[in-house]
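Listed below, chain by chain, are the residues.
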Amino acid sequence: MRTSVIRMALVVAGGGSLWVFLAAQGVPPEMRIVNQMAEALGGKERVLALKTLRIVGYGELAYQNGGGNITGHPDAPQKWRSVVDYERTIDLEHGRMRVQQRVKNHFVFASLAGQLGLARTNEVLDGDIAYNVVQDSEAGSNAPQFQRVGDAVVRQRRMELMSHPLTIVRAALEPTTTLAHLRREGALQLLDLTLRQGDTLTLAADATTLLPAWVRYVGPNVNLGDVTFRVAFVGYV
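The residue count restarts for each chain, going from 1 along the sequence in the order it is written. Local features in this predicted model are restricted to residues whose pLDDT is 70 or higher, and side-chain atom pairs enter the listing and the counts only when it is 80 or higher, whereas totals over whole chains, interfaces and linings include all residues. In computing side-chain values, all of the structure's heavy atoms are included and hydrogens and water are not.

**Q** I would appreciate a short explanation of the overall build of the protein chain in the present structure.
**A** The number of helices and strands found in the protein chain is six helices and 11 strands. Only protein chains enter the accessibility calculation, which uses a 1.4 Å probe; a residue is then buried when its area is under 20% of its type maximum, exposed when over 50%, and partly exposed in between. Of all 237 residues assigned to the protein chain, the portion counted as buried reaches 33%. Whether two residues are in contact is decided by their heavy atoms: any pair within 4.5 Å suffices. The contacts in the protein chain between residues at least 6 apart in sequence include a share of 44% that link residues at least 24 apart. Exposure was quantified through the Shrake-Rupley algorithm and a 1.4 Å probe, taking into account, for residues, occlusion by the shown protein chains and nothing else. Carbon and sulfur atoms make up 56% of the accessible area of the protein chain, which totals about 14,800 Å². Numbering of helices and strands runs from the N terminus; a helix is a DSSP stretch of H or I covering at least four residues, while a strand is a stretch of E covering at least two.

**Q** Just to check I follow, could you spell out the side chain of Arg183 for this structure?
**A** Mapped onto the elements of the fold, Arg183 is located in strand E7 (residues 178-185). At a separation of 2.7 Å, a polar atom in the side chain of Arg183 contacts the main-chain carbonyl oxygen of His181. Apart from residues lying up to four places away in sequence, Arg183 is in contact with Leu188, Gln189, Leu190, Leu191, Asp192, Thr202 and Arg216. Here a polar contact means two N or O atoms within 3.5 Å. Within protein one must be a hydrogen donor candidate and the other an acceptor candidate, and residues neighboring in sequence count only if both atoms are side-chain atoms.

**Q** I tried to follow the sheet that holds strand E5 (residues 129-135) on my own but got confused; where do I start?
**A** The strands making up a sheet associate through backbone hydrogen bonding, with each pair oriented either parallel or antiparallel. The sheet built from six strands is open, its strands ordered E1-E2-E3-E4-E5-E6 with antiparallel pairing. Of all strands in the sheet, those bounded by a partner on one side alone are strand E1 (52-62) and strand E6 (144-148). Shown here is a sheet whose adjacent strand axes are inclined to one another by a mean of 20 degrees, direction ignored. For two strands to be treated as a pair, DSSP must find at least two bridges joining them. Here nine bridges tie strand E2 (residues 80-91) to strand E3 (residues 96-105), and the two strands are oriented antiparallel to one another. Counterpart to Ser82 in the pairing with E3 is Lys104. Helix axes are fitted only over the stretch in contact, all axes being lines through C-alpha atoms; the angle between N-to-C directions runs from 0 to 180 degrees.

**Q** Please clarify how the pattern of salt bridges should be interpreted in this entry.
**A** Where charged atoms of side chains with opposite charge meet at close range, the side chains can pair. Salt bridge, as used here: a side-chain nitrogen of Lys or Arg that lies within 4 Å of a carboxyl oxygen of Asp or Glu. Tallied over the full model, the rule gives 10 salt bridges. Between Arg54 and Glu87 there is a salt bridge; the shortest N-O distance is 3.3 Å. Linking Arg54 in strand E1 with Glu87 in strand E2, this pair joins segments that are 33 residues apart in sequence. With a relative accessible area of 56%, Arg54 lands in the exposed category. Using a relative accessible area of 23% as the deciding quantity, one classes Glu87 as partly exposed. Put simply, Asp192 and Arg183 hold a salt bridge, and the shortest N to O gap is 3.3 Å. Note on Asp192: relative accessible area 17%, which makes it buried. Salt bridges sharing partners connect three or more residues here, namely Asp128, Arg155, Arg158, Arg196 and Asp199.

**Q** Please explain the packing of helix H2 (residues 29-40) against helix H6 (residues 165-173) as it appears in this structure.
**A** The relative placement of two packed helices comes down to the angle between their axes together with the axis-to-axis distance. Relative to each other, H2 and H6 sit at 145 degrees, their axes nearing to 10 Å. Crossing handedness for the pair H2 and H6: left-handed. Judged by residue contacts, Met31, Val34, Asn35, Met37 and Ala38 of H2 engage Val169, Ala172 and Leu173 from H6. Note on residue categories: nonpolar means Ala, Val, Leu, Ile, Met, Phe, Trp, Tyr, Cys or Pro, charged means Asp, Glu, Lys or Arg, and polar means any other residue, Gly included. In terms of residue class, the contact of H2 with H6 is built from seven nonpolar, one polar and no charged. A clockwise turn of the near helix away from the far one marks a right-handed crossing, whereas an anticlockwise turn of less than a right angle marks a left-handed crossing.

**Q** What exactly am I supposed to notice about unusual backbone geometry here?
**A** What you tend to see is this: most non-glycine residues have negative phi, and most peptide bonds are trans. Notably, His181 is not glycine yet its phi reads approximately 55 degrees, a positive angle. At Leu210, a position not held by glycine, the phi torsion is positive, near 65 degrees. Within the secondary structure layout, Leu210 lies in the loop between strand E9 (200-206) and strand E10 (212-221). When its relative accessible area of 18% is taken as the criterion, Leu210 is described as buried.

**Q** Any chance you could explain H6 here in plain terms?
**A** Structural remark: α-helix, 3.6 residues per turn; residues separated by three or four positions point the same way. Most of H6 sits out of view: nine of its nine residues are buried. Listed as buried for H6 are Pro165, Leu166, Thr167, Ile168, Val169, Arg170, Ala171, Ala172 and Leu173.

**Q** I would appreciate a short explanation of the pairing of E5 in the present structure.
**A** In the case of a regular strand, side chains alternate between the two sheet surfaces. Bridge count for strand E4 (residues 119-126) against E5 is four bridges, and the pairing is antiparallel. The residue bridging Asp126 from the neighbouring strand is Ile129, located in E5.

What follows is the structure in structure tokens.
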């Protein structure tokens with residue numbers, strides 16, 4: 001009787017191991033690496049449990065993405081703008097984002113607010129709708145006004161929403177997102193994502209740590225035509 005019990009236990013354990021192995025084999029390689037990226041960021045459950053992300057910082061912008069230089073020559077001096085008081089708040093549950101910042105120009109321009117760094121922007125993405133919040137100071141009122149923007153701006157802000165390790169990995173985990181073309185390029189694993197709205201992005205992960213390395217997408221620019229944007233993720237601790 002003891003021998004029979006031991007044999008049965010071995011069969012059950014072996015069957016369990018086989019089921020787990022087959023289940024793992026059934027996961028597409030694209031989803032497998034997305035799951036691994038989520039684990040590298042602290043675990044899939046923790047990534048999906050996050051509700052709000054708030055980013056505070058500063059930076060620099062090329063005026064009109066480089067399309068506002070004095071000439072179109074590659075050696076023309078770059079016009080820079082400093083970004084101060086930057087704050088981006090992301091509602092991860094509902095796909096909403098607000099970006100507030102103050103911008104100072106480092107070139108001569110017919111705008112006192114721009115020269116003194118008083119120009120403030122308040123830009124919102126709410127699902128498939130985007131708008132700007134404007135203070136009507138010239139009318140002597142601080143009451144905010146809401147200006148809806150077009151579909152091209154909605155898409156650009158949606159891409160900016162995806163430009164963070166947590167948001168892009170969460171998007172990759174969505175059942176409505178299509179994953180394709182997993183490939184290796186040097187020390188990186190690359191993966192193409194198509195969101196439910198039809199937007200396509202490429203996500204790269206470090207092949208060793210499996211942490212997201214960068215996200216890349218193409219967007220239109222009124223001065224430069226189609227531009228490839230790439231946001232790198234560094235400074236993991």
